Amino acid sequence: MRTRNLIDLEDISKNDLQEIIRLAQMIKAHPSIFTDACHGKIMATLFYEPSTRTQMSFQTAMLRLGGQIIGFDNPSNASVAKGESLKDTVRVVSGYADLIVMRNPIEGSALAASLYSKSPIINAGDGGHLHPTQTLTDVVTLSFEKGTLDGLTVGLCGDMKNGRTVHSLIKTLSKYKNNRFVLISTPELQLPQYVLDILEESGCAYSFSDSLEKSIGELDVLYMTRIQQERFKSKEEYEAQKGIYVLDEAKMRLAKGDLVVLHPLPRVDEITVGVDEDPRAKYFQQAEYGMYARMALIITMLNMRTGISPAPLHSTDARRCRNPRCVTNTESYVPHLFYEKGGKTVCKFCDSLLEE
Ligand code: NCD
């Protein structure tokens, strides 16, 4: 693997991703071979936002590999509560740990942290932006359950706008051959423009739907998502969106016999418990595959030659990202950096368009 950090699954080539999937399969089949793979190594989990699965699966993964863990999951108990900057926390922790796994509600925070860290950073979710290790989990699950990542009709249902798992998954699956996407949501919760642009550029077919009932029959994979309450501006806006898409046994009867139903979890009310016993419901297995995926990722990242992070970049660019949830607007020292895509200027940290 060429990159030392995992901020976006784009950082990994398709071949490297395939290697990690293969390693995850091998770990699942022969776990005893790997019990000492990370002996003597320490991984820090810095969770500024709630998490059950992601944090615990990373921690379990490291423990099952013979390594050790440190970290916090309640920032009010850490120095950040005293006003410590992200940069200072990361500098200090990267002196203690060989690998840092970070979840933070601010978009672009993992990339910003990587500028100041001596140890590799894994993005475990940066606000509503990206969640690459959930996508790794999802592709490992599909490799086990479907045997391929090509030629799938994938329905994504619920909160396309704020669901970081959806953004990361579309980015990755659009690189595989002949995948087709059905985007099932209300117009208010449709995908951000930058993800639509990625779909457009990939050449993959995609369509919009406002009805799970009408679309379910054509799907090979259904990726259900929670309406991301914590990302809404007001309770009223959330109330207007919740409960619109619910997968139940009646809708499952309209689906193909080999449909695979995924959900990154936690579920609120978007899948009824009656669906859990359907053999096509794979979301609990998916959580377990996530542990093998993260074991494979940890081994891969710790085996890379790591060095001092490139000197933090300074920017003389007078332009400012307009996204108030972007790390460049919450941590004043982070340089404002942009890239050009399709004639548009895009923030390097949160991928939002400068013009928006
Ligand atoms: C997801 C997340 O945190 O983005 N969950 C997870 O990582 N397992 C999805 C969600 O919170 O709805």
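Residues numbered from 1 in each chain as written. Predicted model: local features only at pLDDT ≥ 70, side-chain atom pairs only at ≥ 80, totals over all residues. Heavy atoms only, no water.

Participant: Account for the site of the ligand, naming residues and giving values.
Facilitator: Around the ligand, the structure places Arg53, Thr54, Arg103, His131, Gln134, Arg164, Thr165, Arg226, Gln228, Pro264, Leu265 and Pro266. Within the side chain of Arg103, an N or O atom sits 3.2 Å from an oxygen atom of the ligand. A distance of 2.6 Å separates an oxygen atom of the ligand from a polar atom in the side chain of His131. When the free accessible area of the ligand is taken as 320 Å², the share hidden by the protein chains comes to 94%. Within the residue set of the shell around the ligand, elements represented by two or more residues are helix 2 (53–64) and helix 6 (164–173). For the shell around the ligand, a count of residues per class yields 3 nonpolar, 5 polar and 4 charged. (Near = heavy atom within 4 Å. Polar contact = N/O pair within 3.5 Å; in protein donor to acceptor, adjacent residues only side chain to side chain. Areas by Shrake-Rupley, 256 points an atom, 1.4 Å probe, with all protein chains shown as cover. Helix = DSSP H or I, 4+ residues; strand = E, 2+ residues; numbered from the N terminus. Nonpolar A, V, L, I, M, F, W, Y, C, P; charged D, E, K, R; others polar.)

Participant: So, helix 3 (residues 86–96): which residues are in play, and what are the values?
Facilitator: Inspection of helix 3 places Leu86, Thr89, Val90, Val93 and Ser94 among the buried residues, and these make up the whole buried set. Down the axis of helix 3, the sector holding all buried residues measures 120°, keeping them to one side. Of the surrounding elements, those touching the buried residues of helix 3 are strand 1 (42–47), strand 2 (68–72), strand 3 (99–104), helix 4 (109–114), strand 4 (121–126) and helix 12 (327–330). (Buried < 20%, exposed > 50% of the residue type's maximum accessible area, 1.4 Å probe, protein only. Arc of directions from axis to C-beta. Contact = heavy atoms within 4.5 Å.)

Participant: Any details on unusual backbone geometry? Residues and values, ideally.
Facilitator: Between Leu265 and the following residue, Pro266, the backbone shows a cis peptide bond with an omega angle of 10°. With respect to the helices, strands and loops of the structure, Pro266 is situated in the loop between strand 9 (260–262) and helix 11 (283–302). Phi at Asn178 is positive, roughly 55°, even though this residue is not glycine. Considering the arrangement of structural elements, one finds Asn178 in the loop between helix 6 and strand 6 (180–184). Taking the relative accessible area as the measure of exposure, Asn178 reaches 67% and is therefore exposed. The backbone phi angle of Asp351 is positive, close to 65°, even though this residue is not glycine.

Participant: Explain the sheet that holds strand 9 to me, and be specific about the residues and the numbers.
Facilitator: The sheet built from 5 strands is open, its strands ordered 7-6-5-8-9 with parallel pairing. With partners counted over all chains shown, the strands left at the sheet margins are strand 7 (205–209) and strand 9, one partner each. Taking the axes of each pair of neighbouring strands and ignoring which way they run, one obtains an average angle of 15° across the sheet. Pairing geometry for strand 8 (residues 221–224) and strand 9, over 3 bridges, is parallel. From the neighbouring strand, Val221 faces strand 9, where its bridge partner is Val260. Helix 6 contacts strand 5 (153–157), strand 6 and strand 8 of the sheet and is inclined by roughly 165° relative to strand 5. With respect to the sheet, helix 7 (residues 193–202) is in contact with strand 6 and strand 7, its orientation differing from that of strand 7 by roughly 140°. (Pairing = 2+ DSSP bridges. Axes fitted to C-alpha atoms, helices over the stretch in contact; angles between N-to-C directions.)

Participant: Tell me what's going on with the sheet that holds strand 2, and back it up with residues and numbers.
Facilitator: Reading across from one edge, 2-1-3-4 is the order of the 4 strands in this open sheet, with parallel pairing throughout. Both outer strands of the open sheet, strand 2 and strand 4, are each paired with one neighbouring strand and no more. Across the sheet, the mean angle separating the axes of adjacent strands is 15° when strand polarity is ignored. Alignment of strand 3 against strand 4, held across 4 bridges, turns out to be parallel. Counted as the bridge partner of Met102 is Asn123 from strand 4.

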